[in-house]
Amino acid sequence: SHFSPLLKSVNLQPDGTGGLDCFLLTTKPFFPSGKSKPGPAAKGGGTFDASAFVWVEGEAALHSDLKPHNWYSNMVKKDQLSGNGWISTFDGPAGAIADYSVEVPKDGDWTLWARANPVQAQIEYRIGNGDWTAIDCTKATDQVNIATDSKPDLRFIAWMKAGVIPLKAGKQNVSFRFDGKANHHGGLDCFVLAAKPFTPNGKVKPGMTLDTAEPGWFAFEPPIDEFSKDALLDLRGLNERRAGEKGFVRAKGDDFVDGAGTPIRFWAANAGPAKDPDGADYLAARLAKNGVNLARLHGGWFDRTGNDPKALNPVHMDQCFRQIQAFADQGIYVHLSIYFPLWLQLKASDGIVDGAIGKNPTGLLLFEPIFQSHWKAWAKGVLTTKNPYTGKTLAEDPAVAFFEIQNEDSFFFWTFQPEGFGPGPYRQMCQRFGTWATKRYGSLDAAKTAWKGEIHPSDGEGRLGLYKAWDMTAEGFSKSSPGKQARATDQIRFLAELQHQTYAELAEFLRKECGFKGVISASNWTTADNRQLGMIERWTYTATDCIDRHGYFGGKHQGEASGHMLRTGHTFTDKAAVLDPTTALTGYLQLAGKPHINTEVMWDAPNRLIADGPLLLSSYSALQGVDGIFSFATHSGTWDTDGTSKWPMMRPGWLGQFPATALQYRRGDLKPGPTVLRQVVSIDDLFAFKGSGFVEGPNTDFRLNEAPKAGEAGRDDAFDPYSYCVGRVERVIGGAGTPESADLSKFIDHANKVVTSATGELRWDWGNGLVTVNSPRSQAVSGFLAKAGPVKLKDVTLSCRNDYGTVHVISLDGLPLATSRKILVQAFTEQKLYGWQAANGRILDVGQAPINVKDVSATVTFANPVGLTAVVLDGNGVKRGDLAMVGGVLTLPKDALYTILTR
């Protein structure tokens, strides 16, 4: 029926029998769909808090000179846009403006977020008649391809944090100006002013949910975490009240100790800085709640916009200072990583004579005095400038526990192409090599005699030319004459001694000139040939306090920009770490007397098989006595719904598994393993490549595509790569030590493809893809669970009908599981974004919010169920409801990560 717009009420009167489910009045066409309400958000729920958020649709502009375009504006998936539309411009005027009037509910600081096109975009905003402020489109999150044909062109939409704005209650004018690089393009779906933390979730308003999920999956959409005292799962209590309250962290033998001298391990994250104070506090609180006690602030502090090579960026400094305070207040220590050569290019104003202008300064920090002076100015400025939020310099603040000299650079990686330094720096290096060879042999002629007359085109005037990285690899040696091999061997020693010396000098500068009292690390990189050069690279790090490395795990992923993002059309393969311990990044060849950390580690996307990652890292790092694991990476405490994300740390498959894995690692639930292999080599042995068969597994970092395919050497037959799953493997270089070689046949069963730790607590069945943890306080199973059937451990039997996943049972009160009064059961299967599609190893659609998690189908049978009662938690660790146990058997909820049992 059609009713008058003056309609006030409706009475429905059944005649005799009848029934009514619901009714609807509509001014738009309506297509019945069962019990669902009409509209794209029909499945959604939740409550929008209009007192804390102001939500404005882009198409609601009061005035606009944006010019829509058929291809750019209309050939988009409007069902992925808030309100099913947007305001956009293409081939229109430069600097097109859209004006809005908004009603601000109250005085205060409001954070402006815009859901707009970030690709080659230039977007500015202003409040009232104020100045225009640029929005940083490079920091977009929750990015979605909205092109109707899914082509990776300009048609994307993403959330961008514009800034924090003090506003008065009442009407305010907000304007946006667009001038994208391609045809002055720009598009705005909606924007929000937030007085509370805001988590981007596609087109959904804060507090609301989409509830869209594929069959057999559930939508993972926890609300903003309010950090309620009612949360039953919160690991903040593991941290100090304020990081560093006991004093500075330091290295002591193979371990780190806190200011009181107590050994400490770090479950860490590459995180921050957030751009605004609320974001900084929220990020710190989220990480602390999930068991993180150390954050790596990884980013350049220098300012390259002008011509002062020593300048620091005041905006970035302020953001970092604020984030450091927020971390410290949550008991989270800070690791500073301020320099990576890929973050900048040389400029003429850097003052390096005949330098490689416009190129990344790879290698320069290790030898070039002028560039070293720039680095020293950055480091001193970072460490000696007073933090306005704490009143201390970073050097004085014991919450700042680590300083990293440089990220991912070395003389021994494929980037070592000496002529690429530029003619001036290359001459310096050749002169240094000539001086070194003269000192070693007495003269250059004597050196060349030792090299059987081998010469280099750059030799002359006291200088000796340098070979490229390939000539230092085993493959390069195999194709070289004896004379060239001898010369290349000396070149390797020259470079290693110079690299070691530089790290020692820069560490001394940090101590004496900057007053830094924390832990110093050198770098964290791999080499062109880890069999031949890896041990030498690690030796150079011994000039500092600890040994660092990086490692990423995943299958093949190919396509444009695949090194750092996902796109439609990319090809990939899934890969399960549980099927191959030798590539799982769980083996550490440790240098005796030094703590070891891994400051970047992640199971890369796209890969459905990531559920084993956190448990493997937690368990095998504990077994080997590794001292810090840093997941990569986030600048926000919110869940990541960006379909292009390569490193999905802020998703349920990674951060969502932190509670059990962080607790197990930090609390020491697993026994440290004995040293099962110890290699002792002299310095001369080191440079004669003796014992070089001891290697770690490969690294799948994005920069390895710089290497020739034959570059990563294989393993030495004399070394069993499964040794790392048994216990500690270490090397002593140039010091006292007794070689050690345990009878590994007791632990490694090659025939059945099973390796058991020397502690008896870990078992890795790589033939079937199954890992078990079986300790008094922590028991878990991970891998291909349906195939395994019921897995009986000491106190629980775990049975899961999911093809693949992880189920972890851990005591929360520190008592053995058999008697624990508070137990966490954590379960995870697989994750993807809603709408993700792939066929035959090719991405068809990267998906969009919300995150979907595969339904859990698992039971836990307790050997001692007496008195146990169970509740299910939401994603923030707050009780969602009660669960029944039948005969000691707990059936896990299909749509939750966490269950708590108490007795």
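Going by the structure above, here's the rest.
This one's a predicted model, so the numbers in the text were calculated from it and none came from an experiment.

Attention shifts here to the sheet that holds strand β38 (residues 796-800). One open sheet holds the five strands; their spatial order is β37-β38-β45-β49-β48, and the pairing between them is antiparallel. In this open sheet, the two strands that pair with only one neighbour each are β37 (791-792) and β48 (885-886). Relative to strand β49 (residues 889-891), β48 runs antiparallel, the two being bridged by two bridges. Counted as the bridge partner of Met885 is Leu890 from β49.

Here we take up the sheet that holds strand β16 (residues 255-257). Ordered by their spatial adjacency, three strands build an open sheet running β15-β16-β17, and the pairing between neighbours is antiparallel. Each edge of the sheet is formed by a strand with only one pairing partner; in this case those strands are β15 (250-252) and β17 (263-264). Bridge count for β15 against β16 is three bridges, and the pairing is antiparallel. Pairing of Ala251 across the sheet is with Phe256, part of β16.

Attention now moves to the packing of helix α2 (residues 277-289) against helix α3 (residues 314-329). Put simply, α2 and α3 touch, their axes get as near as 8 Å, and they point 35° apart. Taken as a pair, α2 and α3 cross one another with a handedness that is right-handed. Packed against α2, whose contacting residues are Pro277, Ala280, Asp281, Leu283, Ala284 and Leu287, the element α3 presents Arg322, Gln323, Ala326 and Phe327 at the interface. The residue makeup of the contact of α2 with α3, split by class, is seven nonpolar, one polar and two charged.

This paragraph deals with α3. The end-to-end C-alpha distance of α3, which contains 16 residues, comes to 23 Å, matching closely the 22 Å that a straight helix rising 1.5 Å per residue would cover. α3 sits mainly inside the fold: 12 of its 16 residues count as buried. For α3, every residue scored as buried is listed here: His316, Met317, Gln319, Cys320, Phe321, Arg322, Gln323, Ile324, Gln325, Ala326, Phe327 and Ala328. The backbone nitrogen of Val315 has a side-chain oxygen 3.0 Å away, supplied by the residue at the start of α3, namely Asn313. Looking at the residues trailing α3, positive phi occurs at Gly331, about 75°.

The next thing to look at is the packing of aromatic side chains. Enumeration according to the criterion identifies 52 aromatic pairs in this entry. A centroid spacing of 5.1 Å and a plane angle of 90° characterise the contact between Phe256 and Phe402, whose relative ring orientation is edge-to-face. In this pair, Phe256 sits in strand β16 while Phe402 sits in strand β21 (residues 400-404), placing the two residues 146 residues apart along the sequence. Judged by relative accessible area, which is 0%, Phe256 ranks as buried. A relative accessible area of 1% means that Phe402 is categorised as buried. Aromatic pair Phe302 and Trp378: ring centres 4.7 Å apart, planes at 45°, arrangement tilted.

Quick look at helix α5 (residues 423-441) now. With 19 residues, α5 should cover 27 Å at 1.5 Å per step; its first-to-last C-alpha distance of 27 Å lies within 8% of that length. Looking only at α5, the buried set comprises Gly424, Pro425, Tyr426, Met429, Cys430, Phe433, Gly434, Trp436 and Ala437. Its buried side turned inward, α5 meets α6 (444-450) and α8 (482-512). Once α5 finishes, Gly442 follows within two positions and takes phi at roughly 100°, a positive value.

Now for the pattern of salt bridges. According to the stated counting rule, one finds 43 salt bridges in the structure shown. Here Glu404 ties to Arg296 by a salt bridge, and the two come within 3.0 Å at their closest N and O atoms. Residue Glu404 is found in strand β21, and its partner Arg296 is found in strand β19 (residues 294-298); the two are separated by 108 residues along the sequence. With respect to class, Glu404 is no different from Arg296; both count as buried.

Okay, the nonpolar core next. Formed by 163 residues in total, the largest nonpolar core has its most connected members in Leu336 and Trp375. Counting residues per element, this core draws most heavily on α8, which supplies 11 residues. Every residue in contact with Trp375, bar those within four places of it in the chain, is listed here: Tyr339, Leu365, Phe403, Ile405, Leu506, Phe509 and Leu510. Listed in part, the 31 residues of the second largest apolar core include Ala96, Ala162, Ile165 and Leu193.

Turning our eyes to something else, we now look at unusual backbone geometry. Geometrically, the link from Ala605 to Pro606 is a cis peptide bond, its omega value of 0° lying close to zero. Mapped onto the elements of the fold, Pro606 is located in the loop between β27 (596-603) and α10 (613-624). A cis amide bond links Phe632 with the next residue in sequence, Ala633, at an omega value of 0°. Summarising the element assignment, Ala633 is placed in strand β28 (residues 628-634).

Rules of the game
Residues numbered from 1 in each chain as written. Predicted model: local features only at pLDDT ≥ 70, side-chain atom pairs only at ≥ 80, totals over all residues. Heavy atoms only, no water. Pairing = 2+ DSSP bridges. Helix = DSSP H or I, 4+ residues; strand = E, 2+ residues; numbered from the N terminus. Axes fitted to C-alpha atoms, helices over the stretch in contact; angles between N-to-C directions. Left-handed = near helix turned anticlockwise from the far one by under 90°. Contact = heavy atoms within 4.5 Å. Nonpolar A, V, L, I, M, F, W, Y, C, P; charged D, E, K, R; others polar. Expected span 1.5 Å × (residues − 1). Buried < 20%, exposed > 50% of the residue type's maximum accessible area, 1.4 Å probe, protein only. Polar contact = N/O pair within 3.5 Å; in protein donor to acceptor, adjacent residues only side chain to side chain. Phe/Tyr/Trp six-rings, centres within 6.5 Å; stacked < 30°, edge-to-face > 60°. Salt bridge = Lys/Arg side-chain N within 4 Å of Asp/Glu carboxyl O. Core = buried A, V, L, I, M, F, W, Y, C linked by side-chain atoms within 4.5 Å.

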